[in-house]
Amino acid sequence: MNRFIAILILFLVGTTKVQCQELEVECQERKNDSDNCYLRHVHLENNSTKLRFIIPIDSNFTNVVFDCSKINIFPTELFDQLPNVDTLELNDAQISVIPDFSFQNATKLHQIHLQSNLLRKINENTFVGATYLEFIDLSKNRIDQISPKAFDSTPNVKIIVLSENKLESIDAATFAPLKNLTELSLYENQIKLVAASAFSNNGNLEEILLHDNNLESLELEISSKMKILDVSRNKLKSLTLKPGNVTANEAKIKILRAIGNKLLTVNISTSLDVRKLFVSQNQIGSLENVSTSSNLSEFRIANNLLQNLHGIEIFSDVEIFDLSGNRNITFEKNIFGSLKQLFWLKLTDVSMNSFDLNWFAKHEELAALEIDENNLKELDYEGITQSFPALSRVHINFNQFNCTFLEKMLNYWRNNTLIHVYDVNYFIESNVYGVLCVKEEKEFSELN
């Protein structure tokens, strides 16, 4: 008898199938918003549970938004029941896995938002089926691995956001299939290595954000349509940019940011027509260590280790020039003479004891001059007015002008010119029109 019962139990266990549970979720419409299906407080903690969507009659939802939900595994059945979805928002839902082929029926999907989840990797078959996908946001996950073929099935993608993940390297194959890619965000990862040809096949790429990573050196081939490249706040000691599939004079990089690194040298091919170069807060010792296009219009090289301005003639088209915080520069006669287009010059905190007009030719275009936070006691304000006829903005605060001289200078500018003095500090006791000055009977140190 006992043997019979045992056999019966084994038979039942071996033949009984576990039934998947279903969780009904109802699409909610908002007033005057018939395109969006809102799904609130959807909690799927049992991995065998499937979603069944309750859809109002005559609805034609194109956007699906999950709100305040918790779904451990991406719901593969979503596109079976909602085949017309154009945009899917499934943010902050604690998703840790996207099963392969989850998007095989997402034939009309154009945008997917999966930020602030728990994803760790993107597989080769993750996006298979989503042929018309154009926008992918996977930011604020834990992604440390992307298959080299992850984007093979999404040739129409234009924007990818992978910021705030745990990626350590970018190889040459990952983004190669994306011929239409225009924007790529990779900031705030742990990237140490980027292959030189990582973006050479992305001929339409206009913006790469690689700031706040762990790069120590970077050599990149740049597309012809590149407009913005940001590699700020890495650990870069050298930066080299050269054309990828670019013909001469074809590429025009609007902005290159490399602020807050350890750069000693910057080498940018002259065929990459960089217009704005920001390399402040590095360790560059000479302008001759910066090689770039002669068409540069804005050059910010503040807080470096410059000791002279040899090589400045290369930057003859510069309109905005920031040298602030380079405290060891020796200024020479006519050193700024080659900068005929100079519009804004910033010499804040460069330890100047005097400001000599012999450093300049007559600069017809100079409209703004910042010489605050230095050790100036005098200034040839009448000569400045004559040498810079377009000057309208001056920063002179936190120098060592005595109050009598300062009042005389400011009154001259107020009564005879259009020059306006900025950086007023009305909270300082000793001032003229809000500009710090030294009373004749006191030392400057007593006012600090």
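Residues numbered from 1 in each chain as written. Predicted model: local features only at pLDDT ≥ 70, side-chain atom pairs only at ≥ 80, totals over all residues. Heavy atoms only, no water.

**Quick notes on the overall build of the protein chain**
So the rule is basically this: The secondary structure listing takes helices from DSSP runs of H or I that are at least 4 residues long and strands from runs of E that are at least 2 residues long, numbered from the N terminus. Exposure categories follow from relative accessible area, calculated using a 1.4 Å probe and restricted to protein chains: below 20% of the type maximum is buried, above 50% is exposed, and the middle band is partly exposed. Every residue pair with non-hydrogen atoms within 4.5 Å of one another is taken to be in contact. Working definition of accessibility: Shrake-Rupley area with a 1.4 Å probe, residue cover restricted to the visible protein chains.
Counting its regular elements, the protein chain contains 4 helices and 32 strands. Here the protein chain holds 448 residues, and the buried ones make up 47% of them. Put simply, 50% of the contacts in the protein chain that link residues at least 6 apart link residues at least 24 apart. Carbon and sulfur atoms make up 45% of the accessible area of the protein chain, which totals about 21700 Å².

**Concerning the packing of aromatic side chains**
Going by this rule: The criterion for an aromatic pair is that two Phe, Tyr or Trp rings (for Trp, the six-membered ring) have centres within 6.5 Å, with stacked assigned to planes under 30 degrees apart, edge-to-face to planes over 60 apart and tilted to the rest.
In total, this model carries 18 aromatic pairs according to the counting rule given. Both rings, one in phenylalanine 127 and one in phenylalanine 151, keep their centres 6.2 Å apart while their planes meet at 15°; by these two values the pair is stacked. Residue phenylalanine 127 is found in the loop between strand 10 (121–122) and strand 11 (135–137), and its partner phenylalanine 151 is found in the loop between strand 12 (145–146) and strand 13 (159–161); the two are separated by 24 residues along the sequence. Ring geometry for phenylalanine 336 and phenylalanine 360: centres 5.0 Å apart, planes at 20°, overall stacked. Of this pair, phenylalanine 336 sits in the loop between strand 26 (320–322) and strand 27 (344–346) while phenylalanine 360 sits in the loop between strand 27 and strand 28 (368–370), placing them 24 residues apart in sequence.

**Let's talk about the environment of leucine 272**
Mapped onto the elements of the fold, leucine 272 is located in the loop between strand 22 (265–268) and strand 23 (276–278). Each C-alpha atom, one on leucine 272 and one on lysine 252, is 6.0 Å from the other, the two residues being 20 residues apart in sequence.

**Thoughts on the sheet that holds strand 20 (residues 238–243)**
Defined as follows: Paired strands, in this sense, are two strands between which DSSP finds at least two bridges.
In space, the 4 strands of this open sheet follow the order 18-20-22-24, with parallel pairing throughout. Across the chains shown, the open sheet's two edge strands, defined by having one partner strand only, are strand 18 (217–222) and strand 24 (290–291).

**Regarding the pairing of strand 18**
A regular strand places its side chains on the two faces of the sheet in alternate fashion. What you see with strand 18 is a clean split: Leu218, Leu220 and Ile222 sit on the buried side and Ser217, Glu219 and Glu221 on the side with no burial. With 6 bridges joining them, strand 18 and strand 20 adopt parallel strand pairing. Within the sheet, the bridge partner assigned to glutamate 219 lies in strand 20 and is threonine 240.

**Points about a negative patch on the surface**
We count it as follows: Each patch groups residues whose relative accessible area exceeds 30% and which form no salt bridge, using 9 Å between like charges and 5 Å between nonpolar side chains of Val, Leu, Ile, Met, Phe, Trp and Tyr. Put simply, a salt bridge is a Lys or Arg side-chain nitrogen that is within 4 Å of an Asp or Glu carboxyl oxygen. For the charge count, each Lys or Arg is scored as positive and each Asp or Glu as negative, with His and the chain ends excluded. Charged side chains are reduced to one point each, which is NZ for Lys, CZ for Arg, CG for Asp and CD for Glu.
Where like charges cluster on the molecular surface, the negative patch consists of Asp317, Glu319, Glu364 and Glu365. Within the secondary structure, aspartate 317 is located in the loop between strand 25 (298–300) and strand 26. Residue classification places aspartate 317 among the partly exposed positions, given a relative accessible area of 31%.

**Regarding unusual backbone geometry**
The phi angle at cysteine 68 is positive, at roughly 55°, despite the residue not being glycine. One non-glycine residue, asparagine 334, lies in the positive phi region at around 60°.

**Brief notes about the pattern of salt bridges**
Evaluation of the coordinates by the stated rule reveals 10 salt bridges. Glutamate 298 is the salt-bridge partner of lysine 276, the closest N and O atoms lying 3.8 Å from each other. One end of the pair, lysine 276, is in strand 23; the other, glutamate 298, is in strand 25, with 22 residues separating them in the sequence. Owing to a relative accessible area of 26%, lysine 276 belongs among the partly exposed residues under this scheme. Of the charged contacts, one joins aspartate 349 and arginine 327 as a salt bridge, the two residues approaching to 2.7 Å between their closest N and O atoms.

**Considering the side chain of aspartate 273**
Note the following rule: Within 3.5 Å is the distance limit for a polar contact, defined as a pair of N or O atoms, with the added protein rule that one can donate a hydrogen and the other accept it, and that residues adjacent in sequence qualify only through two side-chain atoms.
Structurally, aspartate 273 is set in the loop between strand 22 and strand 23. A distance of 2.9 Å separates polar atoms of two side chains, one belonging to aspartate 273 and the other to serine 293.

**Brief notes about the confidence of the model for the protein chain**
Note the threshold: Values of pLDDT, ranging from 0 to 100, describe the predictor's confidence in every residue of the model.
Here the protein chain shows a mean pLDDT of 86. Residues at 70 or above account for 82%. Across residues 1–20, confidence stays below pLDDT 50; counting only partners more than four residues off in sequence or on other chains, it has 1 contact. Under a pLDDT of 50 for its full length, residues 424–429 has, in the predicted model, 13 contacts with residues more than four places off or in other chains.

**A look at a positive patch on the surface**
On the surface, Lys192, Lys235, Lys237 and Lys262 cluster together into a positively charged patch. Here lysine 237 shows up in the loop between strand 19 (228–230) and strand 20.

**Considering the pairing of strand 20**
Alignment of strand 20 against strand 22, held across 4 bridges, turns out to be parallel. Across the sheet, serine 238 pairs through a bridge with threonine 265, a residue of strand 22.

**Observations regarding the nonpolar core**
Put simply, the rule reads: Side-chain atoms within 4.5 Å are what join buried Ala, Val, Leu, Ile, Met, Phe, Trp, Tyr and Cys residues into a set we call a nonpolar core.
Ranked by internal contacts, the top residues of the largest apolar core, which has 118 residues, are Phe199, Phe299, Phe321, Phe336, Phe355, Leu379 and Ile396. Looking at this core, the elements that each hand over two or more residues are strand 3 (33–40), strand 6 (63–67), helix 2 (78–81), strand 18, strand 20, strand 22, helix 3 (381–387) and helix 4 (403–416). With 5 residues, helix 4 is the single largest residue contributor to this core. With sequence-adjacent residues up to four places away left out, leucine 379 is seen in contact with Phe355, Ile371, Ile384, Ile396, Phe401, Phe405, Met409 and Trp413.

**Quick notes on helix 4**
The cut-off we apply is this: Here the expected length of a helix is defined as 1.5 Å per residue gap, with one fewer gap than residues. Of all possible arcs, the one meant is that of the directions from the helix axis to the C-beta atoms.
In this model, helix 4 (14 residues) spans 20 Å end to end at C-alpha, consistent with the 20 Å of a helix rising 1.5 Å per residue. For helix 4, the set of buried residues is Cys403, Phe405, Leu406, Met409, Leu410 and Trp413. The buried residues of helix 4 occupy an angular sector of 160° when the element is viewed end-on, so they sit on one face. Looking at helix 4, the residues exposed on the side facing more than 90 degrees away from the buried face are Thr404, Lys408, Asn415 and Asn416.

**Some points on the side chain of asparagine 141**
On the secondary structure map, asparagine 141 appears in the loop between strand 11 and strand 12. Residue classification places asparagine 141 among the buried positions, given a relative accessible area of 6%. Among the polar contacts listed, one links the side chain of asparagine 141 to the backbone oxygen of leucine 114, at a separation of 3.0 Å. When neighbours within four sequence positions are excluded, asparagine 141 is seen to be in contact with Leu114, Gln115, Ser116, Asn117, Leu118, Leu119, Glu164 and Asn165.

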